[in-house]
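# Coordinate analysis (summary)
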Amino acid sequence: NAGVTQTPKFQVLKTGQSMTLQCAQDMNHNSMYWYRQDPGMGLRLIYYSASEGTTDKGEVPNGYNVSRLNKREFSLRLESAAPSQTSVYFCASSEAGVSYEQYFGPGTRLTVT
Amino acid sequence: GENVGLHLPTLSVQEGDNSIINCAYSNSASDYFIWYKQESGKGPQFIIDIRSNMDKRQGQRVTVLLNKTVKHLSLQIAATQPGDSAVYFCAENTGGFKTIFGAGTRLFVKA
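Residues numbered from 1 in each chain as written. Chains lettered and ligands numbered in written order. Predicted model: local features only at pLDDT ≥ 70, side-chain atom pairs only at ≥ 80, totals over all residues. Heavy atoms only, no water.

If you look at the interface, chain B gives 24 residues, while chain A gives 24 residues. Here chain B meets chain A over a buried area of about 1900 Å², counting both sides, of which 62% is carbon and sulfur. Our enumeration of links across chain B and chain A arrives at zero salt bridges. Applying the counting criterion to the chain B and chain A interface returns three residue pairs in polar contact (both at pLDDT 80 or more). Looking at the side of chain B that touches chain A, the elements that each hand over two or more residues are strand 3 (32-38), strand 8 (86-93) and strand 9 (99-101) of chain B. (Contact = heavy atoms within 4.5 Å. Buried area = accessible area lost by both parts, 1.4 Å probe. Salt bridge = Lys/Arg side-chain N within 4 Å of Asp/Glu carboxyl O. Polar contact = N/O pair within 3.5 Å; in protein donor to acceptor, adjacent residues only side chain to side chain. Helix = DSSP H or I, 4+ residues; strand = E, 2+ residues; numbered from the N terminus.)

Here it is in C-alpha cells:
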C-alpha cells in the first residue's frame with residue numbers, strides 16, 4: 001500500500017497562473033484534507049471532505065477550490081496563484097468516526113513568483 | 001497553538017535521556033488531543049492521542065499527559081534516540097473534522 005500520494009512534489013508558478021494539486025489514498029478512508037504549512041508554523045486546514053460527495057471550508061480557504069473526485073482522490077486547485085500561496089501543501093486522510101489519526105502525504109512544495 | 005513565526009522552540013537532549021515536549025492549547029471545548037512527528041522533508045506522522053476524559057496515556061516509549069485545569073499537554077519520550085530528531089506538533093480537536101495544529105517544537109538529539 002502506498003498510503004497517501006501527492007503530485008507534483010515541486011512546482012514553481014508565476015503570479016496569476018493556475019494549477020491543480022493531486023492527492024490519492026489507498027486506505028479506503030472516508031475523510032480527506034488539504035493543509036498548508038508555512039515556515040516555522042503548524043499546519044492550517046484549507047478544505048476538507050468528510051465523505052465522498054461533500055467538501056467544506058477550513059481555516060484558510062480563500063484562493064482555493066477542491067474536488068472530491070471519488071473516494072480515493074481529492075484535488076486542490078489554485079485558480080490564480082499569488083505569492084502569498086507559496087507554501088508546502090499536505091494532503092491527509094482519516095477514517096473519521098473511528099479515529100482522529102490522520103495519514104499525511106509527502107507534500108508539494110509550491111513557489112509563486 | 002501560538003504562532004512563533006520562523007523560530008520554533010527547540011529542545012536539545014542527550015541520546016538516552018528522556019525528552020519532555022510541552023504544549024499549551026487554547027480551546028477548553030477541545031475533546032481530543034494528538035501528537036504528530038514531522039521529519040525533515042516528510043509529512044507529519046501520528047504518534048499518540050488522548051481524549052479529554054483521560055489525564056495520561058502511554059504508548060511505545062512515549063507518554064502523553066493532559067492537564068485540563070491549565071490547558072497543558074506534554075509528550076514524554078523515554079530513552080531518546082537519534083531517530084527521534086524531528087519537529088513535534090500538538091494538535092487539538094473539538095470532535096469534528098477540524099484539527100488545529102500548534103506551531104511545533106524542534107527536538108535535537110545529541111549523540
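If you trace the backbone, Lys42 of chain B turns up in the loop between strand 3 and strand 4 (45-51). Residue Lys42 of chain B is classed as partly exposed on the basis of its relative accessible area of 48%. In this structure, Lys42 of chain B is in contact with Phe90 and Pro106 of chain A, ignoring residues within four places of it in sequence. (Buried < 20%, exposed > 50% of the residue type's maximum accessible area, 1.4 Å probe, protein only.)

Right, let's get into the side chain of Glu92 of chain B. Residue and element names in this part refer to chain B. Residue placement: Glu92 occurs in strand 8. One buried charged residue, Glu92, forms no salt bridge at all, with the nearest opposite charge on Lys71 at 8.0 Å. Side-chain polar atoms of Glu92 contact the side chain of Ser30, separated by 2.6 Å. (Lys, Arg positive; Asp, Glu negative; His and termini not counted.)

Regions with low pLDDT should not have their predicted coordinates read in detail. Summing up the model confidence of chain B, the mean pLDDT is 91 and the portion of residues at 70 or higher is 94%. Under a pLDDT of 50 for its full length, residues 1-6 of chain B has, in the predicted model, 14 contacts with residues more than four places off or in other chains. (pLDDT = per-residue confidence, 0-100.)

Moving on to the sheet that holds strand 7 (residues 72-77) of chain B. Residue and element names in this part refer to chain B. Read from one edge to the other, the open sheet built from four strands follows the order 2-7-6-5, with strand pairing classed as antiparallel. The open sheet has two edge strands with one neighbour each: strand 2 (19-24) and strand 5 (56-58). Averaged over neighbouring strand pairs, the angle between their axes works out to 15 degrees when direction is ignored. Relative to strand 6 (residues 62-67), strand 5 runs antiparallel, the two being bridged by three bridges. Each bridged residue has a counterpart across the sheet, and for Gln58 the counterpart in strand 6 is Thr63. (Pairing = 2+ DSSP bridges. Axes fitted to C-alpha atoms, helices over the stretch in contact; angles between N-to-C directions.)

Right, let's get into the packing of aromatic side chains. Summed over the entire model, instances satisfying the criterion amount to 11 aromatic pairs over all chains. Between Tyr64 of chain A and Tyr89 of chain A the ring centres are 5.9 Å apart and the planes differ by 65 degrees, which places this aromatic pair in the edge-to-face class. Remark: Tyr89 of chain A occurs in strand 9 (residues 87-94) and Tyr64 of chain A occurs in strand 7 (residues 64-68); sequence separation between them is 25 residues. An identical accessibility class is assigned to Tyr64 of chain A and Tyr89 of chain A; each is buried. Ring plane angle 80 degrees and centroid distance 6.5 Å describe the contact between Phe90 of chain A and Phe104 of chain A, whose orientation is recorded as edge-to-face. One end of the pair, Phe90 of chain A, is in strand 9; the other, Phe104 of chain A, is in strand 10 (residues 103-104), and 14 residues separate them in sequence. Exposure remark for Phe90 of chain A: the relative accessible area of 2% places this residue in the buried category. On the accessibility criterion, Phe104 of chain A (12% relative accessible area) is buried. Ring-pair connections join several aromatic residues into one group, and the members of that group are Tyr33, Tyr35, Phe90 and Phe104 of chain A together with Tyr36, Phe46 and Phe101 of chain B. (Phe/Tyr/Trp six-rings, centres within 6.5 Å; stacked < 30°, edge-to-face > 60°.)

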